[in-house]
Amino acid sequence: THTHTHTHARTMFALQSQIAGAKVVSKVVAKKQQRSTVVSAKISHGKGGEEGGRSFNNDAFGMICKAASYSMMGNAITASGEEETFTQEGPITVFAADDDAFGDFIKTKGVSKMDFVKMDGLGDIVKNHVVKGTVTKADMAAGKEFETLAGNKVVVADLPFKKNDIKVDNATIHAIKTVIV
């Protein structure tokens, strides 16, 4: 009986230690969650769906911001004050440049990502990626020019495409691998 009581005491002690350890762990986890909530609340906008993040609609701006490899374009749109250009009723056509394209563009300009979003003319760069009306891949005849909202003529058939004819509420989006300047 003595051995049984001793084993039982050891089991109870181990169980109590586990419970005490779990309480400590849960307090640490709770503190970390509380801290991360405070941090995420300070973020002005994140990807849609993240706790504390900004939610986006199914328009051109929302689609660009939700796509992981297009965050630099989303940042450029926001920093230039051109969100309305991408959320307007439409229809519009957007040629969305990916992060690699913006990275290459930034290198050629010799600026950092932080300086890029403060760059003069950023609004026009962003508007160079938007055309009024719907332009599908089928509409892009060789040599045919389209006028961007920045007022420049672009032969869009010459652009390096990743994906075409992505439909959203107010736009047709074409994913491209270059920045239109």
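Residues numbered from 1 in each chain as written. Predicted model: local features only at pLDDT ≥ 70, side-chain atom pairs only at ≥ 80, totals over all residues. Heavy atoms only, no water.

Participant: Can you lay out unusual backbone geometry for me, pointing to particular residues and giving the numbers?
Facilitator: The omega torsion of the bond from Gly-90 to Pro-91 falls at 10°, within 30 degrees of zero and hence cis. Position of Pro-91 relative to the elements: it lies in the loop between helix H4 (83–87) and strand E1 (92–97). Its identity is not glycine, yet Asp-165 carries a phi of approximately 55°, on the positive side. Note on Asp-165: relative accessible area 34%, which makes it partly exposed. (Helix = DSSP H or I, 4+ residues; strand = E, 2+ residues; numbered from the N terminus. Buried < 20%, exposed > 50% of the residue type's maximum accessible area, 1.4 Å probe, protein only.)

Participant: Any details on the nonpolar core? Residues and values, ideally.
Facilitator: The tendency in soluble globular proteins is for nonpolar side chains to be buried side by side. The biggest cluster of nonpolar side chains holds 41 residues, and the ones touching the most others in it are Ile-64, Met-73, Phe-86, Val-94, Phe-95 and Phe-116. Elements represented by at least two residues in this core include exactly helix H2 (60–66), helix H3 (71–79), E1, helix H5 (99–109), helix H7 (122–127), strand E2 (130–132), strand E5 (161–168) and strand E6 (171–176). Per-element tally for this core: the top contributor is E1, with five residues. The contact partners of Ile-64, leaving out residues within four places of it in the chain, are Tyr-70, Met-73, Gly-74, Ile-77, Phe-86, Val-94 and Ala-96. (Core = buried A, V, L, I, M, F, W, Y, C linked by side-chain atoms within 4.5 Å. Contact = heavy atoms within 4.5 Å.)

Participant: So what's going on with the pairing of E5? Which residues, and what values?
Facilitator: Bridge analysis of E5 against E6 gives five bridges, and the strand direction is antiparallel. Among the inter-strand pairings, Lys-163 is bridged to a residue of E6, identified as Ala-175. Counting the residues that bridge the hairpin from E5 to E6 gives two residues. (Pairing = 2+ DSSP bridges.)

Participant: If you had to explain the sheet that holds E2 to someone new, which residues and values would you point to?
Facilitator: With respect to topology, four strands assemble into an open sheet ordered E2-E1-E6-E5, the strand pairing being mixed. The open sheet terminates on both sides in strands that have one partner only, identified here as E2 and E5. Ignoring which end each strand starts from, the neighbouring axes of this sheet average 15° apart. Across three bridges, E1 lies against E2 in antiparallel orientation. Paired with Thr-93 across the strands is Val-131, a residue of E2. (Axes fitted to C-alpha atoms, helices over the stretch in contact; angles between N-to-C directions.)

Participant: Provide a residue-level description of the pairing of E1, including the pertinent values.
Facilitator: Burial within E1 is extensive, with six of its six residues counted as buried. Covered by surrounding structure in E1 are Ile-92, Val-94 and Ala-96 together with Thr-93, Phe-95 and Ala-97, the residues of both alternating faces. Sheet topology places E1 next to E6; six bridges connect them, and they run parallel. Across the sheet, the residue bridging to Thr-93 is Thr-172, located in E6.

Participant: Explain the confidence of the model for the chain residue by residue, including any values.
Facilitator: Within the chain, residue pLDDT values average 79, and 70% of them lie at 70 or more. Under a pLDDT of 50 for its full length, residues 3–9 has, in the predicted model, zero contacts with residues more than four places off or in other chains. In the predicted structure, residues 11–50 sits below a pLDDT of 50 and forms 23 contacts with residues beyond four places in sequence or in another chain. (pLDDT = per-residue confidence, 0-100.)

Participant: Describe H3, with residues and values.
Facilitator: For H3, the complete set of buried residues consists of Met-72, Met-73, Gly-74, Ala-76 and Ile-77. Contacts made by the buried residues of H3 are with H2, H4, E1, H5, helix H6 (113–116) and H7. Directly after H3, the chain includes Gly-81, whose backbone phi takes a positive value near 75°.

Participant: Please set out the environment of Ala-171 residue by residue, giving values where relevant.
Facilitator: Residue position: Ala-171 is located in strand E6. Taking the C-alpha atoms as reference points, Ala-171 and Gln-88, 83 residues apart in sequence, are found 9.2 Å from one another. Leaving out residues up to four positions away in the same chain, Ala-171 has contacts with Ala-60, Ile-92, Val-94 and Ile-166.

Participant: Please provide a residue-by-residue account of the pattern of salt bridges, values included.
Facilitator: A side chain of one charge can pair with a side chain of the opposite charge if their charged atoms are brought near each other. According to the stated counting rule, one finds three salt bridges in the structure shown. Between Glu-82 and Lys-127 there is a salt bridge, and its shortest N-O distance comes to 4.0 Å. Of the two residues, Glu-82 sits in the loop between H3 and H4 while Lys-127 sits in helix H7, which places them 45 residues apart along the sequence. Of the residues examined, Glu-82 reaches a relative accessible area of 15% and is grouped as buried. Note that Asp-98 and Lys-162 form a salt bridge whose closest N and O atoms lie 3.1 Å from each other. Here Lys-162 lies in strand E5 and Asp-98 lies in the loop between E1 and H5, a separation of 64 residues in the sequence. By relative accessible area, which is 44% here, Lys-162 ends up partly exposed. (Salt bridge = Lys/Arg side-chain N within 4 Å of Asp/Glu carboxyl O.)

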